[in-house]
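# Notes for the structure review
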Amino acid sequence: MSDPMPPPLLVTTREAARLLAVSERTLLRIRDAGELRAVRLPRGGLRYAVADLERYIARQLADADATPAPSVGSRDGGRAQ
């Protein structure tokens with residue numbers, strides 16, 4: 001029996017976008033904003049480290065947890081006046 005392949009360390013732009021559930025264009029905006037790093041290959045292609053993608057997801061989840069939800073039944077949707 002052969003050993004299973006280890007998970008990849010780097011993924012393409014398309015694969016990274018799929019993992020984050022965003023479009024490739026949105027992924028490039030995230031990268032351009034400095035929120036995510038990409039590795040430039042010698043032939044010019046970009047790759048994203050799976051570990052960086054996992055950290056980005058964790059930060060997004062932490063930020064979402066820290067954002068207060070709107071009050072139920074409030075007329076202004078929880079916005080301060």
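In short, a report on the structure. Being a predicted model, the structure only gives us computed values, none of them experimental.

So, how was this worked out
Residues numbered from 1 in each chain as written. Predicted model: local features only at pLDDT ≥ 70, side-chain atom pairs only at ≥ 80, totals over all residues. Heavy atoms only, no water. Pairing = 2+ DSSP bridges. Helix = DSSP H or I, 4+ residues; strand = E, 2+ residues; numbered from the N terminus. Buried < 20%, exposed > 50% of the residue type's maximum accessible area, 1.4 Å probe, protein only.

Let us look at the pairing of strand E3 (residues 46–49). One ladder, built from 2 bridges, connects strand E1 (residues 10–11) with E3; its direction is antiparallel. Bridge pairing in E3 places Val11 opposite Tyr48. Alignment of strand E2 (residues 39–40) against E3, held across 2 bridges, turns out to be antiparallel. Counterpart to Arg40 in the pairing with E3 is Leu46. The loop that links E2 with its antiparallel partner E3 comprises 5 residues; one of these, Gly44, has a positive phi angle of about 100 degrees.

What follows covers unusual backbone geometry. The residue Ala21 is not glycine, and still its phi comes out positive at about 60 degrees. Inspection of the secondary structure puts Ala21 in the loop between helix H1 (13–20) and helix H2 (24–32). For Ala21, a relative accessible area of 69% translates into the label exposed.

These values are about where atoms sit, not about what they do.
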